[in-house]
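What follows is each chain in one-letter form.
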Amino acid sequence: MSNSTHISTLIKERTGLDVGTQFRADLETILHDLAKGDLEQYLADLRATNENAPPWQTLMRALTISETYFFRDSAPFQLLRQPILPNIILERRHHKRLELNVWSAGCSTGEEAYSLAILLYELLPDLDSWTIRLKASDINNHAVQIARQGIYREWAFRHTNNGFQTRYFDPAPGGWQIKPHIQRMVSFSQNNLLNEVPRPQFDLVFCRNVLLYIANDFTKAIETLIFDSLIPGGWLIMGQSEAIRWQRERWTTHVFADATLYQKPLPHQIMTPPSRYPIASIPAMPDYELALDALYNERSSEAEQILKGILAEKPGHAPTHILLAYILGSRHALSSAHRHLDDALNSDGMLADAHYLRATLFLEEGKDVESREALRAALYCQRDHPLAALMLGNLYASIGDMAKASRTWESARQAVIGLPPETRVSVLSDMTAAGFDALVKGQLGIANK
Ligand SMILES: C[S@@+](CC[C@H](N)C(=O)[O-])C[C@H]1O[C@@H](n2cnc3c(N)ncnc32)[C@H](O)[C@@H]1O
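Since we're looking at a predicted model, the values are computed, not measured.

### As for the environment of G110
Alright, step 1. Inspection of the secondary structure assignment puts G110 in the loop between β1 (99-105) and α7 (111-123).
Alright, step 2. For G110, a relative accessible area of 0% puts it in the buried group.
Alright, step 3. When the C-alpha atoms of G110 and Q149 are compared, they prove to be 9.4 Å apart, with 39 residues separating the residues in sequence.
Alright, step 4. Setting aside residues no more than four positions away along its own chain, G110 makes contact with A147, Y152 and F188.

### Remarks on the site of the ligand
Alright, step 1. The ligand sits among 20 residues. The nearest are T68, R72, D138, L193 and N209.
Alright, step 2. T68 is positioned such that a nitrogen or oxygen atom in its side chain is 2.6 Å from an oxygen atom of the ligand.
Alright, step 3. Within the contact set of the ligand, an oxygen atom lies 2.8 Å away from a side-chain nitrogen or oxygen of R72.
Alright, step 4. Here the ligand loses 99% of its free accessible area of 610 Å² to cover by the protein chains.
Alright, step 5. Looking at side-chain class alone, the shell around the ligand contains 6 nonpolar, 9 polar and 5 charged residues.

### With respect to the sheet that holds strand β2 (residues 131-138)
Alright, step 1. Strand order in the open sheet formed by 7 strands is β6-β2-β1-β7-β8-β10-β9, with mixed pairing between adjacent strands. The sheet is open, and its two borders are formed by β6 (186-190) and β9 (252-255), each paired with just one other strand. Recorded for the sheet is a direction-independent mean angle of 20 degrees between the axes of neighbouring strands.
Alright, step 2. Summarising the sheet, strand β7 (residues 202-207) and strand β8 (residues 230-238) pair through 5 bridges and their orientation is parallel. Each bridged residue has a counterpart across the sheet, and for C207 the counterpart in β8 is M238.

### Structural notes on the pattern of salt bridges
Alright, step 1. Inspection of the entire model under this criterion finds 20 salt bridges.
Alright, step 2. In this structure, R81 and E122 form a salt bridge, with 2.8 Å as the shortest nitrogen-oxygen distance. Of this pair, R81 sits in helix α6 (residues 74-94) while E122 sits in helix α7, and the two are 41 residues apart along the sequence.
Alright, step 3. Residues K135 and E196 are paired through a salt bridge, measuring 2.9 Å at the closest nitrogen-oxygen approach. Remark: E196 occurs in the loop between β6 and β7 and K135 occurs in strand β2; sequence separation between them is 61 residues.
Alright, step 4. Classification of E196 as buried rests on a relative accessible area of 12%.
Alright, step 5. Overlapping salt bridges, with partners in common, bring together R81, E122 and R167 in one network.

### Here's the deal with the domain arrangement of the chain
Alright, step 1. For the chain, the assigned domains read domain 1 (3-63), domain 2 (74-269) and domain 3 (286-448).
Alright, step 2. Here the C-alpha centre of domain 3 lies 30 Å away from the C-alpha centre of domain 2.
Alright, step 3. Taken together, the 12 residues of domain 2 in the interface contact 9 residues of domain 3.
Alright, step 4. Buried area between domain 2 and domain 3, summed over both chains or domains, comes out near 880 Å², and the portion from carbon and sulfur atoms is 51%.

### Details of helix α15 (residues 334-347)
Alright, step 1. Along its 14 residues, α15 runs 20 Å from first to last C-alpha, staying within 8% of the 20 Å computed at 1.5 Å per residue.
Alright, step 2. Inspection of α15 places L334, A337, H338, H340, L341, A344 and L345 among the buried residues, and these make up the whole buried set. Buried residues of α15, viewed axially, fall in a sector of 160 degrees; they line one side. In α15, those exposed residues whose orientation departs by more than 90 degrees from the buried face are R339 and N346.

### Section: the confidence of the model for the chain
Alright, step 1. Predicted confidence across the chain gives a mean pLDDT of 89, with 94% of residues reaching 70 or more.
Alright, step 2. Low confidence marks residues 269-284, where pLDDT is under 50. Its contacts with residues over four positions away, or in another chain, come to 53 contacts.

### Re the layout of surface pockets
Alright, step 1. Here the second largest pocket is characterised by a volume of approximately 850 Å³.
Alright, step 2. Considering the residues around the second largest pocket, the lining is formed by 33 residues, among which R81, E122, N161, R167 and S347 are closest to the centre.
Alright, step 3. Split into classes, the residues belonging to the lining of the second largest pocket amount to 15 nonpolar, 12 polar and 6 charged.
Alright, step 4. Three or more residues apiece are contributed to the lining of the second largest pocket by two domains, here domain 2 (74-269) and domain 3 (286-448).

About the cut-offs
Residues numbered from 1 in each chain as written. Predicted model: local features only at pLDDT ≥ 70, side-chain atom pairs only at ≥ 80, totals over all residues. Heavy atoms only, no water. Helix = DSSP H or I, 4+ residues; strand = E, 2+ residues; numbered from the N terminus. Buried < 20%, exposed > 50% of the residue type's maximum accessible area, 1.4 Å probe, protein only. Contact = heavy atoms within 4.5 Å. Near = heavy atom within 4 Å. Polar contact = N/O pair within 3.5 Å; in protein donor to acceptor, adjacent residues only side chain to side chain. Areas by Shrake-Rupley, 256 points an atom, 1.4 Å probe, with all protein chains shown as cover. Nonpolar A, V, L, I, M, F, W, Y, C, P; charged D, E, K, R; others polar. Pairing = 2+ DSSP bridges. Axes fitted to C-alpha atoms, helices over the stretch in contact; angles between N-to-C directions. Salt bridge = Lys/Arg side-chain N within 4 Å of Asp/Glu carboxyl O. Domains from an automatic or database assignment. Buried area = accessible area lost by both parts, 1.4 Å probe. Expected span 1.5 Å × (residues − 1). Arc of directions from axis to C-beta. pLDDT = per-residue confidence, 0-100. 1 Å grid on protein atoms, 1.4 Å probe; cavity = no way out; pocket = protein on both sides within 12 Å on 5 of 7 lines; lining within 4 Å. Points joined across faces, edges and corners; volume = space filled by probe spheres on them.

Encoded structure:
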(Lines give C-alpha, C1' and ligand atoms only; values in the text may rest on other atoms or scores of the structure.)
Protein backbone atom coordinates (compact mmCIF):
# COMPACT_ATOMS: atom_id res chain seq x y z
CA MET A 1 0.00 0.00 0.00
CA SER A 2 1.28 3.48 -0.83
CA ASN A 3 1.78 6.10 1.89
CA SER A 4 -1.14 8.16 0.56
CA THR A 5 -3.41 5.11 0.81
CA HIS A 6 -2.21 4.62 4.39
CA ILE A 7 -3.00 8.26 5.09
CA SER A 8 -6.49 8.05 3.63
CA THR A 9 -7.15 4.90 5.69
CA LEU A 10 -5.92 6.68 8.81
CA ILE A 11 -8.15 9.68 8.05
CA LYS A 12 -11.13 7.37 7.72
CA GLU A 13 -10.34 5.58 10.99
CA ARG A 14 -9.88 8.80 12.91
CA THR A 15 -12.59 11.02 11.41
CA GLY A 16 -14.87 8.79 9.35
CA LEU A 17 -14.19 10.96 6.29
CA ASP A 18 -14.12 9.00 3.07
CA VAL A 19 -11.51 11.15 1.35
CA GLY A 20 -10.33 8.36 -0.97
CA THR A 21 -13.69 8.25 -2.72
CA GLN A 22 -14.31 11.97 -2.51
CA PHE A 23 -11.05 13.36 -3.84
CA ARG A 24 -9.90 10.35 -5.94
CA ALA A 25 -6.91 11.24 -8.11
CA ASP A 26 -6.53 14.71 -6.53
CA LEU A 27 -5.90 13.23 -3.10
CA GLU A 28 -2.36 12.19 -3.99
CA THR A 29 -1.47 15.75 -5.04
CA ILE A 30 -3.16 17.34 -2.00
CA LEU A 31 -1.33 15.02 0.38
CA HIS A 32 1.99 15.55 -1.40
CA ASP A 33 1.63 19.30 -1.01
CA LEU A 34 0.67 19.03 2.65
CA ALA A 35 3.50 16.59 3.34
CA LYS A 36 5.97 18.90 1.57
CA GLY A 37 7.12 15.86 -0.36
CA ASP A 38 7.76 13.58 2.66
CA LEU A 39 4.65 11.41 2.91
CA GLU A 40 6.31 8.93 5.23
CA GLN A 41 7.15 11.57 7.83
CA TYR A 42 3.71 13.11 7.39
CA LEU A 43 2.05 9.74 8.01
CA ALA A 44 4.19 9.30 11.13
CA ASP A 45 3.20 12.78 12.38
CA LEU A 46 -0.47 12.05 11.82
CA ARG A 47 -0.23 8.72 13.59
CA ALA A 48 1.50 10.32 16.57
CA THR A 49 -0.99 13.13 17.12
CA ASN A 50 -4.70 13.54 17.68
CA GLU A 51 -7.15 15.34 15.40
CA ASN A 52 -6.80 18.64 17.27
CA ALA A 53 -3.08 18.85 16.53
CA PRO A 54 -1.69 21.08 13.73
CA PRO A 55 -0.92 18.33 11.15
CA TRP A 56 -4.49 17.12 11.38
CA GLN A 57 -5.95 20.58 11.28
CA THR A 58 -4.15 21.52 8.04
CA LEU A 59 -5.47 18.26 6.66
CA MET A 60 -9.03 19.01 7.81
CA ARG A 61 -8.87 22.48 6.34
CA ALA A 62 -7.87 20.95 2.99
CA LEU A 63 -10.21 17.99 3.00
CA THR A 64 -13.48 18.98 4.63
CA ILE A 65 -16.27 20.58 2.63
CA SER A 66 -17.43 23.60 4.56
CA GLU A 67 -20.22 24.82 2.23
CA THR A 68 -23.09 26.28 4.28
CA TYR A 69 -25.35 29.36 4.45
CA PHE A 70 -28.06 30.90 6.59
CA PHE A 71 -31.36 28.99 6.69
CA ARG A 72 -30.01 26.44 4.22
CA ASP A 73 -32.88 24.26 2.89
CA SER A 74 -35.69 26.25 4.43
CA ALA A 75 -38.18 23.37 4.96
CA PRO A 76 -36.79 22.03 8.26
CA PHE A 77 -36.57 25.55 9.64
CA GLN A 78 -40.18 26.17 8.67
CA LEU A 79 -41.24 22.94 10.36
CA LEU A 80 -39.34 23.91 13.45
CA ARG A 81 -40.96 27.32 13.43
CA GLN A 82 -44.37 25.73 13.17
CA PRO A 83 -45.24 23.34 14.71
CA ILE A 84 -42.23 21.54 16.23
CA LEU A 85 -40.59 24.18 18.41
CA PRO A 86 -43.86 25.83 19.49
CA ASN A 87 -45.02 22.41 20.71
CA ILE A 88 -41.82 21.85 22.67
CA ILE A 89 -41.96 25.40 24.04
CA LEU A 90 -45.56 24.97 25.11
CA GLU A 91 -44.72 21.73 26.88
CA ARG A 92 -41.75 23.35 28.67
CA ARG A 93 -43.90 26.28 29.78
CA HIS A 94 -46.48 23.85 31.04
CA HIS A 95 -43.87 22.04 33.14
CA LYS A 96 -42.24 25.34 34.13
CA ARG A 97 -38.89 24.09 32.81
CA LEU A 98 -37.79 26.90 30.52
CA GLU A 99 -34.85 25.14 28.92
CA LEU A 100 -33.89 24.10 25.40
CA ASN A 101 -30.83 22.18 24.27
CA VAL A 102 -29.82 22.17 20.64
CA TRP A 103 -26.73 20.87 18.83
CA SER A 104 -25.48 21.82 15.39
CA ALA A 105 -23.16 18.84 14.77
CA GLY A 106 -20.79 19.61 11.91
CA CYS A 107 -21.56 23.32 12.08
CA SER A 108 -18.82 24.44 9.70
CA THR A 109 -18.55 28.26 9.75
CA GLY A 110 -21.61 28.70 11.98
CA GLU A 111 -24.42 29.83 9.69
CA GLU A 112 -26.65 26.89 10.69
CA ALA A 113 -26.13 27.45 14.42
CA TYR A 114 -26.81 31.17 14.14
CA SER A 115 -29.93 30.44 12.03
CA LEU A 116 -31.16 28.27 14.90
CA ALA A 117 -30.31 30.94 17.44
CA ILE A 118 -32.28 33.50 15.42
CA LEU A 119 -35.23 31.13 15.14
CA LEU A 120 -35.27 30.63 18.91
CA TYR A 121 -34.90 34.35 19.46
CA GLU A 122 -37.95 34.94 17.26
CA LEU A 123 -40.01 32.23 18.94
CA LEU A 124 -39.20 33.20 22.51
CA PRO A 125 -40.22 36.75 23.39
CA ASP A 126 -39.24 36.00 27.00
CA LEU A 127 -35.87 34.58 25.96
CA ASP A 128 -34.18 36.02 29.04
CA SER A 129 -36.20 33.70 31.24
CA TRP A 130 -34.97 30.65 29.33
CA THR A 131 -31.80 28.61 29.56
CA ILE A 132 -30.78 28.00 25.97
CA ARG A 133 -27.83 25.73 25.32
CA LEU A 134 -26.93 25.88 21.67
CA LYS A 135 -23.84 23.81 21.08
CA ALA A 136 -22.15 23.94 17.68
CA SER A 137 -19.16 21.76 16.90
CA ASP A 138 -16.95 20.90 13.99
CA ILE A 139 -13.74 19.00 13.48
CA ASN A 140 -12.28 21.84 11.41
CA ASN A 141 -10.80 24.40 13.76
CA HIS A 142 -10.41 27.03 11.05
CA ALA A 143 -14.16 26.85 10.33
CA VAL A 144 -14.93 27.06 14.07
CA GLN A 145 -12.79 30.19 14.38
CA ILE A 146 -14.73 31.83 11.55
CA ALA A 147 -17.96 30.81 13.28
CA ARG A 148 -16.85 32.34 16.57
CA GLN A 149 -15.87 35.53 14.80
CA GLY A 150 -19.30 35.66 13.15
CA ILE A 151 -18.47 37.83 10.12
CA TYR A 152 -20.11 36.78 6.86
CA ARG A 153 -20.05 37.82 3.22
CA GLU A 154 -23.14 38.44 1.09
CA TRP A 155 -23.10 34.92 -0.33
CA ALA A 156 -23.95 33.46 3.07
CA PHE A 157 -27.25 35.37 2.95
CA ARG A 158 -28.41 34.08 -0.41
CA HIS A 159 -31.47 32.34 1.05
CA THR A 160 -32.63 34.97 3.48
CA ASN A 161 -35.39 37.56 3.25
CA ASN A 162 -34.99 41.28 2.81
CA GLY A 163 -34.26 42.90 6.11
CA PHE A 164 -32.70 39.77 7.66
CA GLN A 165 -29.16 41.09 7.37
CA THR A 166 -29.83 44.46 8.95
CA ARG A 167 -32.00 42.94 11.67
CA TYR A 168 -29.40 40.50 12.93
CA PHE A 169 -26.05 41.80 11.61
CA ASP A 170 -24.01 44.98 11.66
CA PRO A 171 -21.82 46.05 8.75
CA ALA A 172 -18.20 45.18 9.53
CA PRO A 173 -14.90 45.11 7.66
CA GLY A 174 -15.05 42.05 5.42
CA GLY A 175 -18.80 41.57 5.63
CA TRP A 176 -21.56 41.53 8.21
CA GLN A 177 -21.04 40.85 11.88
CA ILE A 178 -23.66 38.86 13.78
CA LYS A 179 -25.19 40.98 16.55
CA PRO A 180 -23.85 40.18 20.02
CA HIS A 181 -27.21 39.09 21.50
CA ILE A 182 -27.43 36.28 18.91
CA GLN A 183 -23.72 35.48 19.00
CA ARG A 184 -23.92 34.96 22.78
CA MET A 185 -26.53 32.27 22.33
CA VAL A 186 -24.15 29.85 20.58
CA SER A 187 -21.21 28.04 22.06
CA PHE A 188 -18.76 26.79 19.40
CA SER A 189 -16.22 24.04 19.93
CA GLN A 190 -13.78 22.16 17.80
CA ASN A 191 -14.43 18.46 18.15
CA ASN A 192 -14.47 15.26 16.17
CA LEU A 193 -17.88 13.60 16.15
CA LEU A 194 -16.18 10.24 16.56
CA ASN A 195 -14.76 11.39 19.90
CA GLU A 196 -17.96 12.85 21.34
CA VAL A 197 -19.34 11.17 24.44
CA PRO A 198 -23.14 10.94 24.29
CA ARG A 199 -25.40 12.12 27.08
CA PRO A 200 -29.14 12.31 26.44
CA GLN A 201 -29.68 16.04 26.66
CA PHE A 202 -30.63 17.52 23.30
CA ASP A 203 -34.11 18.45 22.11
CA LEU A 204 -32.83 18.94 18.58
CA VAL A 205 -29.74 17.81 16.75
CA PHE A 206 -28.92 19.25 13.36
CA CYS A 207 -26.46 17.00 11.57
CA ARG A 208 -26.85 18.13 8.01
CA ASN A 209 -24.57 17.49 5.06
CA VAL A 210 -22.01 15.81 7.29
CA LEU A 211 -22.77 12.10 6.97
CA LEU A 212 -22.67 12.58 3.20
CA TYR A 213 -18.90 12.66 3.45
CA ILE A 214 -18.53 9.92 6.04
CA ALA A 215 -17.70 6.32 5.08
CA ASN A 216 -20.70 4.06 5.51
CA ASP A 217 -19.21 1.99 8.38
CA PHE A 218 -18.64 5.13 10.41
CA THR A 219 -22.08 6.63 9.87
CA LYS A 220 -23.37 3.94 12.23
CA ALA A 221 -21.28 5.30 15.11
CA ILE A 222 -22.42 8.87 14.44
CA GLU A 223 -26.09 7.94 14.09
CA THR A 224 -25.82 6.08 17.39
CA LEU A 225 -24.06 9.03 19.00
CA ILE A 226 -26.90 11.31 17.93
CA PHE A 227 -29.61 8.88 19.02
CA ASP A 228 -27.96 8.58 22.43
CA SER A 229 -27.53 12.37 22.67
CA LEU A 230 -31.22 13.12 22.13
CA ILE A 231 -33.76 13.08 24.90
CA PRO A 232 -36.80 10.85 24.22
CA GLY A 233 -39.02 12.85 21.87
CA GLY A 234 -35.99 14.82 20.56
CA TRP A 235 -35.56 15.47 16.86
CA LEU A 236 -32.77 14.80 14.36
CA ILE A 237 -32.62 17.03 11.30
CA MET A 238 -30.47 15.73 8.47
CA GLY A 239 -29.58 17.24 5.09
CA GLN A 240 -31.97 17.22 2.16
CA SER A 241 -30.21 14.32 0.46
CA GLU A 242 -29.44 12.33 3.58
CA ALA A 243 -31.34 9.66 5.46
CA ILE A 244 -30.80 7.39 8.43
CA ARG A 245 -28.89 4.33 7.25
CA TRP A 246 -28.75 2.10 10.33
CA GLN A 247 -31.39 0.75 12.70
CA ARG A 248 -34.11 2.89 11.14
CA GLU A 249 -36.72 1.08 13.19
CA ARG A 250 -35.55 2.73 16.39
CA TRP A 251 -36.50 6.17 15.00
CA THR A 252 -39.93 7.61 14.28
CA THR A 253 -39.70 8.91 10.73
CA HIS A 254 -41.83 11.95 9.89
CA VAL A 255 -42.19 12.47 6.17
CA PHE A 256 -43.28 16.05 5.52
CA ALA A 257 -43.80 17.56 2.08
CA ASP A 258 -40.26 18.92 1.69
CA ALA A 259 -38.30 17.29 4.47
CA THR A 260 -37.97 14.07 6.39
CA LEU A 261 -37.25 14.45 10.07
CA TYR A 262 -36.42 11.78 12.63
CA GLN A 263 -37.60 11.63 16.18
CA LYS A 264 -36.31 9.54 19.05
CA PRO A 265 -39.50 7.90 20.30
CA LEU A 266 -40.88 8.47 23.76
CA PRO A 267 -40.74 5.22 25.73
CA HIS A 268 -44.43 4.44 25.13
CA GLN A 269 -44.07 5.19 21.41
CA ILE A 270 -41.51 2.49 20.77
CA MET A 271 -42.88 -0.07 18.33
CA THR A 272 -45.60 2.23 17.00
CA PRO A 273 -44.15 2.94 13.58
CA PRO A 274 -46.74 5.08 11.77
CA SER A 275 -45.80 8.65 12.40
CA ARG A 276 -48.23 11.55 12.46
CA TYR A 277 -47.46 15.17 12.04
CA PRO A 278 -47.57 16.95 15.35
CA ILE A 279 -50.69 18.99 15.86
CA ALA A 280 -49.80 22.63 15.34
CA SER A 281 -49.93 24.94 18.24
CA ILE A 282 -49.00 28.55 18.52
CA PRO A 283 -45.96 29.71 20.43
CA ALA A 284 -46.87 30.66 23.90
CA MET A 285 -45.83 33.94 25.48
CA PRO A 286 -47.30 35.61 28.53
CA ASP A 287 -49.12 38.45 26.72
CA TYR A 288 -50.23 36.17 23.96
CA GLU A 289 -51.68 33.81 26.54
CA LEU A 290 -53.45 36.71 28.22
CA ALA A 291 -54.94 37.63 24.85
CA LEU A 292 -56.08 34.05 24.33
CA ASP A 293 -57.61 33.99 27.77
CA ALA A 294 -59.50 37.21 27.05
CA LEU A 295 -60.64 35.88 23.70
CA TYR A 296 -61.85 32.58 25.13
CA ASN A 297 -63.76 34.49 27.79
CA GLU A 298 -65.57 36.61 25.22
CA ARG A 299 -63.51 39.74 25.84
CA SER A 300 -62.35 40.08 22.26
CA SER A 301 -61.74 43.87 22.41
CA GLU A 302 -59.38 43.35 25.33
CA ALA A 303 -57.68 40.54 23.40
CA GLU A 304 -57.31 42.86 20.43
CA GLN A 305 -55.64 45.57 22.55
CA ILE A 306 -53.18 43.09 24.06
CA LEU A 307 -52.32 41.72 20.61
CA LYS A 308 -51.75 45.20 19.22
CA GLY A 309 -49.43 45.85 22.17
CA ILE A 310 -47.45 42.70 21.25
CA LEU A 311 -47.12 43.92 17.66
CA ALA A 312 -45.89 47.31 18.83
CA GLU A 313 -43.03 45.54 20.58
CA LYS A 314 -42.55 42.73 18.15
CA PRO A 315 -43.63 43.90 14.71
CA GLY A 316 -44.33 41.06 12.31
CA HIS A 317 -44.99 38.48 15.05
CA ALA A 318 -46.90 36.01 12.92
CA PRO A 319 -49.04 34.21 15.57
CA THR A 320 -50.23 37.60 16.81
CA HIS A 321 -51.20 38.68 13.29
CA ILE A 322 -53.06 35.40 12.87
CA LEU A 323 -55.03 35.81 16.08
CA LEU A 324 -55.88 39.41 15.20
CA ALA A 325 -57.06 38.24 11.77
CA TYR A 326 -59.24 35.68 13.55
CA ILE A 327 -60.80 38.33 15.82
CA LEU A 328 -61.32 40.80 12.98
CA GLY A 329 -62.68 38.08 10.70
CA SER A 330 -65.25 37.09 13.29
CA ARG A 331 -66.36 40.75 13.36
CA HIS A 332 -66.62 40.72 9.54
CA ALA A 333 -63.81 43.28 9.23
CA LEU A 334 -62.61 41.28 6.28
CA SER A 335 -60.09 43.59 4.66
CA SER A 336 -58.30 44.29 7.98
CA ALA A 337 -58.26 40.56 8.65
CA HIS A 338 -56.74 39.95 5.20
CA ARG A 339 -54.03 42.55 5.92
CA HIS A 340 -52.98 40.74 9.09
CA LEU A 341 -52.83 37.47 7.21
CA ASP A 342 -50.66 39.12 4.55
CA ASP A 343 -48.29 40.20 7.31
CA ALA A 344 -48.21 36.73 8.84
CA LEU A 345 -47.66 34.99 5.52
CA ASN A 346 -45.01 37.50 4.47
CA SER A 347 -42.95 36.46 7.45
CA ASP A 348 -43.58 32.76 6.83
CA GLY A 349 -45.53 31.42 3.87
CA MET A 350 -45.92 28.00 5.50
CA LEU A 351 -48.27 29.02 8.29
CA ALA A 352 -51.18 26.63 7.92
CA ASP A 353 -53.39 28.59 10.32
CA ALA A 354 -53.01 31.73 8.20
CA HIS A 355 -54.02 29.89 5.02
CA TYR A 356 -56.95 28.33 6.86
CA LEU A 357 -58.19 31.70 8.10
CA ARG A 358 -57.75 33.13 4.63
CA ALA A 359 -60.08 30.36 3.41
CA THR A 360 -62.73 31.32 5.96
CA LEU A 361 -62.54 34.97 4.82
CA PHE A 362 -62.85 33.98 1.16
CA LEU A 363 -65.85 31.83 1.97
CA GLU A 364 -67.53 34.74 3.65
CA GLU A 365 -66.82 36.82 0.54
CA GLY A 366 -68.52 34.15 -1.55
CA LYS A 367 -65.22 33.14 -3.21
CA ASP A 368 -65.53 29.37 -2.99
CA VAL A 369 -62.77 28.58 -5.47
CA GLU A 370 -60.25 30.81 -3.69
CA SER A 371 -61.37 29.35 -0.41
CA ARG A 372 -60.68 25.81 -1.64
CA GLU A 373 -57.23 26.89 -2.87
CA ALA A 374 -56.41 28.44 0.49
CA LEU A 375 -57.50 25.26 2.27
CA ARG A 376 -55.31 23.20 -0.01
CA ALA A 377 -52.42 25.53 0.85
CA ALA A 378 -53.17 25.06 4.57
CA LEU A 379 -53.14 21.29 4.17
CA TYR A 380 -49.96 21.47 2.12
CA CYS A 381 -48.29 23.29 5.02
CA GLN A 382 -49.78 21.00 7.63
CA ARG A 383 -51.30 17.88 6.25
CA ASP A 384 -53.27 17.17 9.40
CA HIS A 385 -54.72 20.61 10.04
CA PRO A 386 -58.07 19.48 11.48
CA LEU A 387 -60.06 22.64 10.79
CA ALA A 388 -58.80 22.98 7.21
CA ALA A 389 -59.58 19.32 6.50
CA LEU A 390 -63.08 19.63 7.98
CA MET A 391 -63.83 22.76 5.98
CA LEU A 392 -62.41 21.43 2.73
CA GLY A 393 -64.56 18.31 3.20
CA ASN A 394 -67.59 20.57 3.64
CA LEU A 395 -66.73 22.47 0.46
CA TYR A 396 -66.40 19.25 -1.52
CA ALA A 397 -69.75 18.12 -0.15
CA SER A 398 -71.31 21.43 -1.18
CA ILE A 399 -70.40 20.76 -4.80
CA GLY A 400 -71.61 17.19 -4.55
CA ASP A 401 -68.19 15.51 -4.59
CA MET A 402 -68.99 13.15 -1.73
CA ALA A 403 -66.06 10.81 -2.41
CA LYS A 404 -63.53 13.61 -1.91
CA ALA A 405 -65.55 14.99 0.98
CA SER A 406 -65.43 11.62 2.79
CA ARG A 407 -61.70 11.24 2.24
CA THR A 408 -61.02 14.72 3.51
CA TRP A 409 -63.29 14.36 6.56
CA GLU A 410 -61.61 11.05 7.30
CA SER A 411 -58.24 12.79 7.35
CA ALA A 412 -59.76 15.47 9.62
CA ARG A 413 -60.68 12.72 12.07
CA GLN A 414 -57.22 11.19 11.84
CA ALA A 415 -55.79 14.60 12.73
CA VAL A 416 -57.28 14.53 16.22
CA ILE A 417 -56.87 10.86 17.04
CA GLY A 418 -54.78 10.53 20.16
CA LEU A 419 -55.53 14.02 21.45
CA PRO A 420 -56.97 14.13 24.96
CA PRO A 421 -60.78 14.57 24.51
CA GLU A 422 -60.92 17.94 26.27
CA THR A 423 -58.04 19.53 24.29
CA ARG A 424 -58.95 22.34 21.93
CA VAL A 425 -58.22 21.27 18.37
CA SER A 426 -56.76 24.69 17.60
CA VAL A 427 -56.40 28.13 19.11
CA LEU A 428 -58.71 29.22 16.30
CA SER A 429 -61.66 27.20 17.53
CA ASP A 430 -63.33 26.40 20.82
CA MET A 431 -64.06 22.86 19.65
CA THR A 432 -62.56 20.11 21.78
CA ALA A 433 -61.06 16.99 20.23
CA ALA A 434 -64.11 14.98 21.39
CA GLY A 435 -66.56 17.54 19.98
CA PHE A 436 -64.65 17.74 16.73
CA ASP A 437 -64.58 13.97 16.37
CA ALA A 438 -68.34 13.77 16.95
CA LEU A 439 -68.94 16.52 14.40
CA VAL A 440 -66.81 14.87 11.73
CA LYS A 441 -68.40 11.49 12.43
CA GLY A 442 -71.73 13.20 11.81
CA GLN A 443 -70.47 14.54 8.46
CA LEU A 444 -69.19 11.10 7.52
CA GLY A 445 -72.60 9.71 8.41
CA ILE A 446 -74.14 12.14 5.89
CA ALA A 447 -71.64 11.03 3.27
CA ASN A 448 -72.42 7.36 3.78
CA LYS A 449 -76.18 7.76 3.48
C1 LIG B 1 -20.89 20.74 4.37
S2 LIG B 1 -20.54 21.19 6.00
C3 LIG B 1 -22.16 21.23 6.67
C4 LIG B 1 -22.46 22.51 7.39
C5 LIG B 1 -23.89 22.63 7.88
N6 LIG B 1 -24.23 21.53 8.74
C7 LIG B 1 -24.87 22.72 6.73
O8 LIG B 1 -25.53 21.73 6.40
O9 LIG B 1 -24.98 23.79 6.12
C10 LIG B 1 -19.89 19.66 6.67
C11 LIG B 1 -19.08 19.88 7.95
O12 LIG B 1 -18.93 18.62 8.62
C13 LIG B 1 -17.71 18.66 9.29
N14 LIG B 1 -17.25 17.30 9.65
C15 LIG B 1 -16.92 16.30 8.82
N16 LIG B 1 -16.52 15.24 9.53
C17 LIG B 1 -16.61 15.57 10.84
C18 LIG B 1 -16.34 14.90 12.05
N19 LIG B 1 -15.84 13.64 12.07
N20 LIG B 1 -16.54 15.54 13.21
C21 LIG B 1 -17.04 16.82 13.21
N22 LIG B 1 -17.29 17.51 12.10
C23 LIG B 1 -17.08 16.91 10.92
C24 LIG B 1 -16.80 19.34 8.28
O25 LIG B 1 -15.63 19.87 8.88
C26 LIG B 1 -17.70 20.40 7.67
O27 LIG B 1 -17.52 21.65 8.26
